[in-house]
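Below are the chains, spelled out letter by letter.
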Amino acid sequence: MVKLRYAGWTGVLRRKAVHLSVAGVIAVGSPIGLGSSFANASTSNTPPNAVITWDRNAQTAIWDIAGQQPQVQARSFAMVHGAVYDAVNAIAGTPYQPYLIAPPADGTESTDAAVATAGFLVLNALFPEQQARLKTQYDEALAVIPDGTAKQRGITVGTQAAAAMNAARQNDGAFGDQTWPVGTQPGQWRPAPPAFASDGAWVGDLKPFLLRSASMFRTSGPPSLTSRRYARDFNEVKTIGSATSTVRTADQTQAAIWWHDRHLAEWEIKRQLATKRQLNTLQTARMFAMVDLAEADATIACYNEKAAWNFWRPVTAIRLADTDGNPGTAADPDWTPLLVTPPHPDYTSGHTCFTAASMSALAYFFGRDDIPFSGYSAASGTTRYFRSFSQALAEVVEARIWGGIHTRTADVEGAKIGKKVTAFMVAHYFRPKRK
């Protein structure tokens with residue numbers, strides 16, 4: 001396994017802008033306390049954290065077997081962890097605002113039974129074709145919990161939390177028949193080579209988990225085709241994002257591939273942070289729910305933005321540059337990006353929306369930005385190391401350009417949406433209840 005360290009900031013001003021934006025989210029609300037609340041954290045002598053266990057089980061169902069793509073994964077993970085959080089929070093005495101429901105509980109219930117039940121019932125509703133395998137996982141989880149009233153009452157709490165989530169997401173717009181309009185004019189999206197595929201248009205119309213509407217953070221749109229800004233974006237991605245680029249470094253190439261892996265490193269990063277920071281079950285449930293619901297809504301908002309502007313991808317823009325009316329661009333009909341272009345419009349970048357939401361949510365939760373973490377990608381065969389949440393966000397903004405699949409404006413504006421989603425979440429959800 002090759003291990004690569006982060007290649008560095010692309011500029012002091014850019015670094016400060018990303019860091020300050022994450023810091024601004026931290027300041028929006030009250031983060032988790034980092035003092036005595038960790039006294040009950042897991043140690044080597046205690047059972048595994050059930051929330052982490054069911055996050056792994058969710059990954060198996062959502063990705064390893066179902067193969068859902070990131071924009072679909074986001075909804076599934078959010079449903080699982082929203083229900084798990086409500087169950088754990090109720091048993092803990094509802095110290096935080098419930099997401100959907102606070103099932104009746106007095107603290108004597110088995111938290112592990114509640115987590116397993118909530119996770120199982122949501123996953124079973126999402127993937128009925130996996131019912132037998134999921135039931136085996138569930139039975140194994142319950143088998144290690146002593147029989148008795150605590151176990152049965154934990155099952156009841158988990159059942160109620162899952163039922164509330166499954167009911168809330170009925171007819172939410174998932175897997176609709178919307179399609180991306182195929183444009184014919186300069187700037188309009190059209191399917192990109194090599195697959196010329198179109199997918200995911202329904203995501204922009206999905207009912208949000210947190211936001212009042214999917215369009216509440218609407219931007220002013222991509223730059224005009226005849227503008228200098230457009231020419232700068234165009235020429236940057238044309239130069240560094242080409243499959244045959246001579247200016248992109250080996251580390252930048254690896255970063256582009258690492259961030260493009262559909263087996264998202266973010267899953268293991270969450271679990272790594274929960275383990276290394278010794279979070280207890282309630283803290284883990286709250287952190288996972290905050291991250292996953294923010295990610296889901298950032299993805300929904302981003303896809304709503306894609307539908308609003310329907311902007312062409314770099315590969316289309318570069319091959320058809322002789323039609324854009326900009327004297328600062330030049331067509332290259334044979335230009336090919338490093339990465340395979342995803343089957344939906346450029347603006348805004350889904351990955352920067354998603355990552356900005358997750359990294360700013362983590363920074364808020366921990367009350368600080370400078371927590372180190374790492375993640376491995378089988379696609380790149382590398383592990384990347386980050387000193388802070390803002391560093392990871394800064395890198396993904398660059399990585400989508402290095403891969404030749406997004407313009408800088410699409411990345412930067414996408415990141416802004418993700419951070420706005422998190423800011424909205426911490427102002428309205430998962431907050432400590434006043435005593």
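About the thresholds
Residues numbered from 1 in each chain as written. Predicted model: local features only at pLDDT ≥ 70, side-chain atom pairs only at ≥ 80, totals over all residues. Heavy atoms only, no water. Helix = DSSP H or I, 4+ residues; strand = E, 2+ residues; numbered from the N terminus. Buried < 20%, exposed > 50% of the residue type's maximum accessible area, 1.4 Å probe, protein only. Contact = heavy atoms within 4.5 Å. Areas by Shrake-Rupley, 256 points an atom, 1.4 Å probe, with all protein chains shown as cover. Pairing = 2+ DSSP bridges. Core = buried A, V, L, I, M, F, W, Y, C linked by side-chain atoms within 4.5 Å. Disulfide = S-S within 2.5 Å. Salt bridge = Lys/Arg side-chain N within 4 Å of Asp/Glu carboxyl O. Lys, Arg positive; Asp, Glu negative; His and termini not counted. Polar contact = N/O pair within 3.5 Å; in protein donor to acceptor, adjacent residues only side chain to side chain. Phe/Tyr/Trp six-rings, centres within 6.5 Å; stacked < 30°, edge-to-face > 60°. Expected span 1.5 Å × (residues − 1).

**Student:** Just to check I follow, could you spell out the overall build of the chain for this structure?
**Tutor:** Each helix and strand counted, the chain has 14 helices and three strands in total. Of all 435 residues assigned to the chain, the portion counted as buried reaches 58%. Contacts in the chain between residues at least 24 apart in sequence constitute 80% of all its contacts with a sequence separation of at least 6. For the chain, the computed accessible surface area is about 17100 Å², with 54% contributed by carbon and sulfur atoms.

**Student:** When you look at the pairing of strand β3 (residues 382-386) in this model, what are you seeing that I'm missing?
**Tutor:** Moving residue by residue along a regular strand, the side chains alternate between the two faces of the sheet. The buried count for β3 comes to four of five residues, which makes it a mostly enclosed element. Relative to β3, strand β2 (residues 373-377) is paired through five bridges, and the arrangement is antiparallel. The partner of Tyr376 across the bridge, within β3, is Thr383. As consecutive antiparallel partners, β2 and β3 are separated by four residues, and within that stretch Gly381 has a phi angle of approximately 70°, a positive value.

**Student:** Mind showing me how you'd approach the nonpolar core here?
**Tutor:** Soluble, globular proteins show a tendency: their nonpolar side chains are buried together. Judged by nonpolar contacts, the single largest core of 124 residues is most densely connected at Leu123, Phe209, Leu273, Met287, Phe366, Phe389 and Phe430. Top element by residues in this core is helix α10 (residues 281-309). It accounts for 15 residues.

**Student:** Would you take a moment to explain the state of the cysteines for this structure?
**Tutor:** Two cysteines joined by a covalent bond between their sulfur atoms form a disulfide. Under the definition given, this model contains zero disulfides. Free cysteine: Cys302, not disulfide-bonded; nearest cysteine sulfur from Cys353 at 3.5 Å. Residue Cys302 is classed as buried on the basis of its relative accessible area, which comes to 0%.

**Student:** Would you mind showing me how to read the environment of Val340 here?
**Tutor:** With respect to the helices and strands, the residue Val340 is situated in the loop between α11 (314-319) and α12 (350-366). Through-space distance from the C-alpha of Val340 to that of Pro194 is 7.5 Å; in sequence the pair is 146 residues apart. Apart from residues lying up to four places away in sequence, Val340 is in contact with Pro194, His260 and Ile405.

**Student:** Help me understand the pattern of salt bridges in this model?
**Tutor:** If charged atoms from side chains of opposite charge come close, those side chains can pair. A full pass over the atoms with the stated rule returns 18 salt bridges. Among the salt bridges present, the one from Arg229 reaches Glu413, with a minimum N-O distance of 4.0 Å. With Arg229 in helix α7 (residues 228-240) and Glu413 in helix α14 (residues 408-428), this pair connects stretches of sequence that are 184 residues apart. Of the residues examined, Arg229 reaches a relative accessible area of 37% and is grouped as partly exposed. One salt bridge connects Asp251 with Arg384, and the closest N-O pair in it is separated by 3.2 Å. Of this pair, Asp251 sits in helix α8 (residues 250-260) while Arg384 sits in strand β3, and the two are 133 residues apart along the sequence. This pair shows no difference in class: Asp251 is buried, exactly as Arg384 is.

**Student:** I would appreciate a short explanation of the side chain of Asp346 in the present structure.
**Tutor:** Tracing the backbone through its elements, the reader meets Asp346 in the loop between α11 and α12. An unpaired buried charge is present at Asp346: no salt bridge exists, and Arg313, the closest side chain of opposite charge, is 4.7 Å distant. At 3.1 Å, the side chain of Asp346 forms a polar contact with the side chain of Thr407. The residues contacting Asp346, other than those within four sequence positions of it, are Lys306, Phe311, Trp312, Arg313, Pro314, Ile405, His406, Thr407 and Ala410.

**Student:** Hey, could you run me through the packing of aromatic side chains in this one?
**Tutor:** Two aromatic rings, taken as a pair, are described by how far apart their centres are and by the angle between their planes. Scanning the entire structure with this criterion turns up 18 aromatic pairs. Taken together, a centroid distance of 5.6 Å and an interplanar angle of 35° make the contact between Phe77 and Trp267 tilted. Of this pair, Phe77 sits in helix α3 (residues 70-91) while Trp267 sits in helix α9 (residues 265-276), and the two are 190 residues apart along the sequence. The exposure class of Trp267 is buried, given its relative accessible area of 4%. Judged by centre distance (6.3 Å) and plane angle (90°), the rings of Tyr230 and Phe311 are edge-to-face. Linking Tyr230 in helix α7 with Phe311 in the loop between α10 and α11, this pair joins segments that are 81 residues apart in sequence.

**Student:** Teacher, can you tell me more about helix α6 (residues 149-168) here?
**Tutor:** It helps to recall that an α-helix has 3.6 residues per turn; residues three or four apart then point in one direction. In this model, α6 (20 residues) spans 29 Å end to end at C-alpha, consistent with the 28 Å of a helix rising 1.5 Å per residue. Regarding α6, the residues found buried are Lys151, Gly154, Ile155, Val157, Gly158, Ala161, Ala162, Ala164, Met165 and Asn166. Buried-residue contacts for α6 involve α3, α4 (111-126) and α5 (131-143).

**Student:** Explain the side chain of Asp261 to me, please; I cannot follow it from the model alone.
**Tutor:** Topologically, Asp261 is positioned in the loop between α8 and α9. As a buried residue without a salt bridge, Asp261 has its nearest oppositely charged side chain in Arg262, at a separation of 6.2 Å. One polar contact links the side chain of Asp261 to the main-chain amide nitrogen of His263, over a distance of 2.9 Å. In this structure Asp261 touches Ser377, Ala378 and Ala379, once residues within four positions along its chain are discounted.

**Student:** Whenever I open this one, α12 confuses me. Can you help?
**Tutor:** Across its 17 residues, α12 extends 24 Å between first and last C-alpha, which sits within 8% of the 24 Å expected from 1.5 Å per residue. Gly367 occupies a position one or two residues after α12 and carries a positive phi of about 75°.

**Student:** Can you help me understand unusual backbone geometry in this one?
**Tutor:** Of all residues except glycine, most have a negative phi; of all peptide bonds, most are trans. Of the consecutive residues Pro193 and Pro194, the connecting peptide bond is found in the cis state with omega at 5°. With respect to the helices and strands, Pro194 occurs in the loop between α6 and α7. The phi dihedral of Thr94 falls on the positive side, at around 55°, and the residue is not glycine. As for its placement among the helices and strands, Thr94 is situated in the loop between α3 and α4. By relative accessible area, Thr94 is classed as buried at 16%. Its identity as a non-glycine residue notwithstanding, Asn171 has a phi of 55°, on the positive side.

Structural measurements only, silent on function.
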